[in-house]
Amino acid sequence: MSDILVVSATALGTAALLMLLTALLARRLGRVAVVDVAWGLGFVLVAAVSAVVGGLVDDGDADALRRWLVLGLVAAWGLRLAWHIRRRAVGHGEDPRYEKLLGGTLEDVGLAVAVRKVFLVQGAALWFISLPVQVGAVSEVWTWWLVGAGAALWAVGLVFETVGDAQLAAYRSDPQRPPVMDRGLWRYTRHPNYFGDACVWWGLWLMAGLGSGWQVGLATVLAPVAMTYFLVFATGARLLEQTMMKREGYPAYAARTSMFLPRPPRRRPGGARRAVRAG
């Protein structure tokens, strides 16, 4: 237990320091949205600190192979996410979601409000969601098949994120694009990147949380639940869709396409009746 506390306290300090530096950068740039780049990088830093400190305090019970494997998977996900968001944000102003959350621009509300509403919340969320990674760094592997299953789910999530982002980028670069992106993975879910994010963190929970025993799994299961909540209800899909629903064709797209979990598109209204009449 003492090993877990040491790793967790160090991870909390890392998250707090990162968000402090990000807040100062946001004030300099005048954009709270820089926190989105720090989000992915923060998980990489916390995973790295957990692996290093876990190795230093470990008394031989933890499995070093899983510790470094988890770090590698978190790094692959977090660095790709940070790079993607940074590239997408170049040349753009503040994210409208943050202006809505803050009740104005950073200049309007001041840094203190942004720290309270964004940076403290994101820092605490980063630390809490990464709890399975922290605990797994100093815990013995309970069963390796869960580690394998978690790695497979992580891979599914990364594919959804990477492919979904690439398809969206191709759509945006098409001068003859339709009003709404409904191709590829976007045909089956309105947010394949958010779904992929959730799969990544449920996979890491299987590897480092439940993979360390059912007690550890139960103690850390709220971490992927929290990530899923953020992706769907807090700063993710629901908030984004308040803007997207104003776009031409999006309400019809939303009516036939699942918001989060991938599934075949619903039949268009009236399609079944026309088929019956035609028969």
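All of these numbers come straight from a predicted model, not from anything done at the bench.

Of all hydrophobic cores here, the largest spans 57 residues; its most connected members are Trp39, Phe43, Trp77, Phe119, Trp201 and Leu204. Contributions of two or more residues to this core are made by helix 1 (2–29), helix 2 (35–57), helix 3 (64–89), helix 4 (96–102), helix 6 (111–129), helix 8 (144–172), helix 9 (192–209) and helix 11 (222–234). Ranked by residue count, the leading element in this core is helix 9, at nine residues. Leu168, Met181, Met244 and Tyr253 belong to the second-largest nonpolar core, a separate cluster that totals nine residues.

What follows covers the packing of aromatic side chains. Scanning the model with the defined rule gives ten aromatic pairs in all. Taking the centre distance of 5.5 Å and the plane angle of 85 degrees together, the rings of tryptophan 77 and tryptophan 201 count as edge-to-face. One end of the pair, tryptophan 77, is in helix 3; the other, tryptophan 201, is in helix 9, with 124 residues separating them in the sequence. The two residues tryptophan 77 and tryptophan 201 agree in class, both being buried. Centre to centre, the rings of phenylalanine 195 and phenylalanine 260 are 5.9 Å apart; their planes meet at 75 degrees, and the pair counts as edge-to-face. Here phenylalanine 260 lies in the loop between helix 13 (250–256) and helix 14 (271–278) and phenylalanine 195 lies in helix 9, a separation of 65 residues in the sequence. On the accessibility criterion, phenylalanine 260 (12% relative accessible area) is buried. Chaining the aromatic ring pairs together yields one cluster made of Trp39, Phe43, Trp77 and Trp201.

Another point: helix 12 (residues 237–244). Listing the buried residues of helix 12 in full gives Ala237, Leu239, Glu241 and Met244. The secondary structure elements touched by the buried residues of helix 12 are helix 4, helix 9, helix 11 and helix 13.

A cluster of nonpolar side chains, contributed by Leu17, Leu20, Leu21 and Leu24, occupies part of the molecular surface with about 380 Å² of accessible area. As for its position among the elements, leucine 17 is in helix 1.

Moving on: the environment of tyrosine 253. Along the chain, the position of tyrosine 253 falls in helix 13. By relative accessible area, tyrosine 253 is classed as buried at 1%. For the pair tyrosine 253 and arginine 190, spaced 63 residues apart in sequence, the C-alpha separation works out to 8.4 Å. If near-sequence neighbours (up to four positions away) are discounted, tyrosine 253 is found in contact with Val180, Met181, Asp182, Trp186, Thr189 and Arg190.

Counted by the stated rule, this structure contains five salt bridges. The salt bridge involving glutamate 161 is made with arginine 80; its shortest N-O contact spans 3.3 Å. Within this pair, whereas glutamate 161 is found in helix 8, its partner arginine 80 is found in helix 3, the two being separated by 81 residues in sequence. Each member of the pair, glutamate 161 together with arginine 80, is buried. Residue arginine 256 pairs with aspartate 182 through a salt bridge whose shortest N-O separation is 3.0 Å. Of this pair, arginine 256 sits in helix 13 while aspartate 182 sits in the loop between helix 8 and helix 9; the two residues are 74 residues apart in sequence, bridging distant segments of the chain. Overall, arginine 256 belongs to the buried group, its relative accessible area being 18%. By sharing partners, the salt bridges in this structure join Arg80, Glu161 and Asp165 into a single network.

Scoring rules and cut-offs
- Residues numbered from 1 in each chain as written.
- Predicted model: local features only at pLDDT ≥ 70, side-chain atom pairs only at ≥ 80, totals over all residues.
- Heavy atoms only, no water.
- Core = buried A, V, L, I, M, F, W, Y, C linked by side-chain atoms within 4.5 Å.
- Buried < 20%, exposed > 50% of the residue type's maximum accessible area, 1.4 Å probe, protein only.
- Helix = DSSP H or I, 4+ residues; strand = E, 2+ residues; numbered from the N terminus.
- Phe/Tyr/Trp six-rings, centres within 6.5 Å; stacked < 30°, edge-to-face > 60°.
- Contact = heavy atoms within 4.5 Å.
- Patch = residues over 30% accessible without salt bridge, like charges linked within 9 Å, V, L, I, M, F, W, Y side chains within 5 Å.
- Areas by Shrake-Rupley, 256 points an atom, 1.4 Å probe, with all protein chains shown as cover.
- Salt bridge = Lys/Arg side-chain N within 4 Å of Asp/Glu carboxyl O.

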